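So you can see what is in the structure, the chains are spelled out below.
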Amino acid sequence: MYWKRTLWVLWPANFLQAAGMSLIIPFLPLYIEKLGVHQMSDVERWTGWIFSAQFITSFLFQPLWGSLADKYGRKVMLIRSSIGMGIVTILMEIVTSPLQLLILRLINGLFSGFISMSISLLASVTPDKDSGKALGTLQTGQIVGTLIGPLIGGILSELVGYNGVFFLTGSLILLAGVVVMFFIKENVPEKKERSKKQKADWKALKPLLPVLIASTVTQLAMMTIQPIISLYTKTLYQGKHLALIVGLVSAVTGIANLIGSPTLGRIGDKIGQRKILIISLTMSALAFLPQVLAPNVFVLLIGRFLLGLFIGGMIPSLNVLVKKLAPANLQATAFGFSSSARFLGNLIGPLLGSSIAAAYNIKDIFYVTMLFLLMNMVMIFFNKNLEINKKKVQQ
């Protein structure tokens with residue numbers, strides 16, 4: 001089956017993209033120091049802005065790339081993203097100031113969209129009955145790359161230096177584009193079909209609104225505590241292996257994602273994506289209880305694992321709903337908006353979490369995040385329109 005072949009070509013491409021993007025995370029503050037910033041408060045400020053810069057432009061430009069993909073094909077958008085991000089990342093090794101690095105990160109976000117277009121491409125060739133399984137499996141490529149990337153980046157920075165890592169990162173991203181260029185085939189719309197797509201009614205995307213809100217809340221739930229998880233872990237563990245424990249607490253959610261994405265995606269194909277979302281949102285909210293009430297690190301790890309398990313299960317269900325709810329001529333545009341919604345969650349989450357911690361108490365972050373998840377679950381519960389099949393949508 002062609003969709004299976006497409007999946008196994010896109011999986012390593014997504015892995016290369018995600019690994020390449022996360023390679024620089026372990027040494028970014030150290031690289032900023034190398035660029036001449038030495039005050040710790042200034043390093044932290046520059047790190048926050050440089051890390052977030054890419055999310056800002058990614059959030060803004062995802063719908064545009066999705067719209068162009070509907071007109072000219074998804075494959076060309078994948079290649080565009082790889083070439084643009086690969087070259088910009090390589091250029092990061094020759095910057096001489098943090099401002100230059102910030103500008104390049106903003107430009108890098110402008111070229112983003114590889115993973116969302118991969119999802120859109122796979123969704124377009126996969127039968128509805130296999131969508132959850134296929135998209136959940138594809139999601140694991142991104143997760144594995146994100147998990148392994150920082151480890152590889154830390155090792156490479158010791159072996160080849162910070163500048164060398166930027167070159168290797170850009171090369172990995174370019175390699176993902178080469179994989180797509182030679183191993184993916186797509187039927188590009190004819191000129192007449194493109195003109196019809198240009199006249200597409202964007203009001204047809206209105207049913208996607210609850211899915212986009214859920215996508216934002218999903219990422220928000222993952223990111224609210226992320227910037228200060230090390231501080232919270234320190235309240236539960238004061239041993240000599242703190243760095244290792246913090247790394248484990250951060251990684252365990254990703255490991256759980258690997259289990260939850262394909263498993264709950266497959267179950268969603270059988271019982272419906274709306275039911276999976278209701279279950280996952282409820283269980284994700286409850287997963288914060290062992291975290292906020294944790295008497296020790298072991299209980300915290302259990303809570304983080306459960307969160308990753310059910311958050312991971314939500315993502316393929318959300319992607320399947322985008323496929324089912326969006327008209328065929330606006331599929332890539334819809335996935336662009338979905339990706340943009342997730343980037344919005346990546347932006348809001350850390351800002352919300354750090355603001356709550358500063359104004360109130362670090363534990364209050366967990367309760368506020370639980371409230372967002374439960375409110376989202378109630379919205380999905382009462383939205384019967386998400387209990388749909390593809391035939392109904394196309395009528």
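See above for the structure.
Worth saying up front: this structure is predicted, and the values here are computed from it rather than measured.

Scanning the protein for helices and strands turns up 17 helices and 0 strands. For the protein, the C-alpha atoms occupy an extent of roughly 60 × 45 × 35 Å along the three principal directions. Across the protein, every contact between residues at least 6 apart in sequence was considered, and the portion connecting residues at least 24 apart equals 85%. For the protein, the computed accessible surface area is about 17,400 Å², with 70% contributed by carbon and sulfur atoms.

Within this structure, the stated rule accounts for 4 salt bridges. Among the salt bridges present, the one from D128 reaches K323, with a minimum N-O distance of 3.2 Å. Here D128, found in the loop between helix 6 (114-125) and helix 7 (131-183), pairs with K323, found in helix 14 (residues 297-325); they are 195 residues apart in sequence, far enough to count as distant. Taking relative accessible area as the criterion, D128 reaches 27% and is therefore assigned partly exposed. Among the salt bridges present, the one from D130 reaches K133, with a minimum N-O distance of 3.8 Å. The buried category is assigned to D130, whose relative accessible area is 9%. Looking at K133, the relative accessible area reads 28%, which means it is partly exposed. A single salt-bridge network, built from bridges that share partners, covers K129, D130 and K133.

Tallying each qualifying case throughout the model produces 8 aromatic pairs. Ring geometry for Y31 against Y162: centres 6.2 Å apart, planes inclined by 85°, an arrangement best described as edge-to-face. Here Y31, found in helix 2 (residues 28-34), pairs with Y162, found in helix 7; they are 131 residues apart in sequence, far enough to count as distant. Ring geometry for Y31 versus F166: centroids 4.8 Å apart, planes at 50°, classification tilted. Of this pair, Y31 sits in helix 2 while F166 sits in helix 7, and the two are 135 residues apart along the sequence. The burial state of Y31 is the same as that of F166; both residues are buried. Following the ring pairs from residue to residue traces out a cluster consisting of Y31, Y162 and F166. Sitting above the plane of the W65 ring, R80 keeps its charged end 3.8 Å from the centroid. Directly above the aromatic system of F381 lies the positively charged group of K384, at a separation of 5.5 Å from the ring centroid.

Core analysis: the biggest nonpolar cluster contains 75 residues, and L10, V180 and L208 have the highest contact counts within it. When residues of this core are assigned to their parent elements, the largest contribution, 11 residues, is made by helix 14. Once you skip the residues sitting within four places of it in the chain, V180 turns out to touch L10, A13, K75, L78, I79 and F114.

Before going further, it helps to spend a moment on helix 10 (residues 229-236). When helix 10 is considered as a whole, its buried residues turn out to be I229, Y232, T233 and L236. Taken end-on, helix 10 shows its buried residues confined to a sector of 100°, consistent with a single buried face. Residues of helix 10 that are buried in the fold lie against helix 11 (242-271), helix 13 (288-292), helix 14 and helix 16 (364-382).

Next up on the list: the packing of helix 14 against helix 15 (residues 331-359). Between helix 14 and helix 15, the least distance of the axes is 9 Å, while the angle of their chain directions is 145°. Regarding helix 14 and helix 15, the two cross each other, and that crossing is right-handed. Of helix 15, the residues touching helix 14 (which contributes N319, V322 and K323) are Q331, A334, F335, S338 and R342.

So, on to helix 6. Given a rise of 1.5 Å per residue, 12 residues ought to cover 16 Å, and the 17 Å separating the end C-alpha atoms of helix 6 matches this to within 8%. Considered for burial, the residues of helix 6 that qualify are F114, I115, S116, M117, S118, I119, S120, L121, L122 and A123. Residues of helix 6 that are buried in the fold lie against helix 1 (2-22), helix 3 (40-72), helix 4 (74-91), helix 7, helix 14 and helix 15.

Relative to the assigned elements, T89 resides in helix 4. Judged by relative accessible area, which is 3%, T89 ranks as buried. Residues within four places of T89 in sequence aside, it is in contact with N108, F166, T169, G170 and I173.

Moving on, we come to the environment of A13. Relative to the helices and strands, A13 resides in helix 1. Residue A13 is classed as buried on the basis of its relative accessible area of 0%. Here A13 is in contact with F114, A176, V179 and V180, once residues within four sequence places are set aside.

Attention now goes to the environment of E33. Here E33 lies in helix 2. Taking the C-alpha atoms as reference points, E33 and T47, separated by 14 residues in sequence, lie 9.9 Å from one another. For E33, the contacting residues outside a window of four places in its chain are H38, M40 and V43.

Next up on the list: a nonpolar patch on the surface. On the surface, a nonpolar cluster with roughly 660 Å² of combined accessible area is contributed by I267, I271, I279, M283, L286, L289, L293 and Y367. Along the chain, I279 turns up in helix 12 (residues 273-286). Here I279 falls in the partly exposed class, since its relative accessible area comes to 42%.

Residue placement: Q273 occurs in helix 12. Of note is the side chain of Q273, whose polar atom sits 3.1 Å from the side chain of K324. Apart from the residues lying within four places of it in its own chain, the contact partners of Q273 are G268, S317, V320, L321 and K324.

Basis of the calculations
- Each chain has its residues counted from 1, following the order in which its sequence is written.
- Confidence filtering applies because this is a predicted model: local features only for residues at pLDDT of at least 70, side-chain atom pairs given and counted only at 80 or more, and all residues used for totals across whole chains, interfaces and linings.
- Excluded from the side-chain calculations are hydrogens and water; all other atoms, namely the structure's heavy atoms, are used.
- A run of H or I in DSSP becomes a helix once it reaches four residues, and a run of E becomes a strand once it reaches two; helices and strands are each numbered from the N terminus.
- By the convention used here, residues are in contact when the closest approach between their heavy atoms is within 4.5 Å.
- Accessible surface area values rest on a Shrake-Rupley calculation with a 1.4 Å probe, where residue burial reflects the displayed protein chains alone.
- We count a salt bridge whenever a side-chain nitrogen from Lys or Arg sits within 4 Å of a carboxyl oxygen from Asp or Glu.
- Exposure classes here rest on a 1.4 Å probe applied to the protein chains alone. A residue is buried below 20% of its type maximum, exposed above 50%, and partly exposed in between.
- Here the aromatic set is Phe, Tyr and Trp, taking the six-membered ring for Trp, and pairing holds for ring centres within 6.5 Å; pairs whose planes are under 30 degrees apart are stacked, those over 60 apart are edge-to-face, and all others are tilted.
- Charge over a ring is defined by NZ of Lys or CZ of Arg lying within 6 Å of the ring centre and within 35 degrees of the ring normal.
- Among the buried residues, those of types Ala, Val, Leu, Ile, Met, Phe, Trp, Tyr and Cys that are joined through side-chain atoms within 4.5 Å form a nonpolar core.
- The arc in question is the one spanned by the directions pointing from the helix axis to the C-beta atoms.
- Throughout, an axis means a line fitted to C-alpha atoms (over the contacting stretch in the case of helices), and angles, computed between N-to-C directions, take values from 0 to 180 degrees.
- Should the near helix be turned anticlockwise from the far one by less than a right angle, the crossing is left-handed, and should it be turned clockwise, the crossing is right-handed.
- Take the residue count of a helix, subtract one, and multiply by 1.5 Å to get its expected span.
- Only residues above 30% relative accessible area that lack a salt bridge enter a patch, with like-charged residues linked at up to 9 Å and the nonpolar side chains Val, Leu, Ile, Met, Phe, Trp and Tyr linked at up to 5 Å.
- Any N or O atom pair separated by 3.5 Å or less is treated as a polar contact, with the protein-specific requirement of one donor-capable and one acceptor-capable atom, and with residues adjacent in sequence counted only for side-chain atom pairs.

The analysis is restricted to geometry; functional conclusions fall outside its scope.
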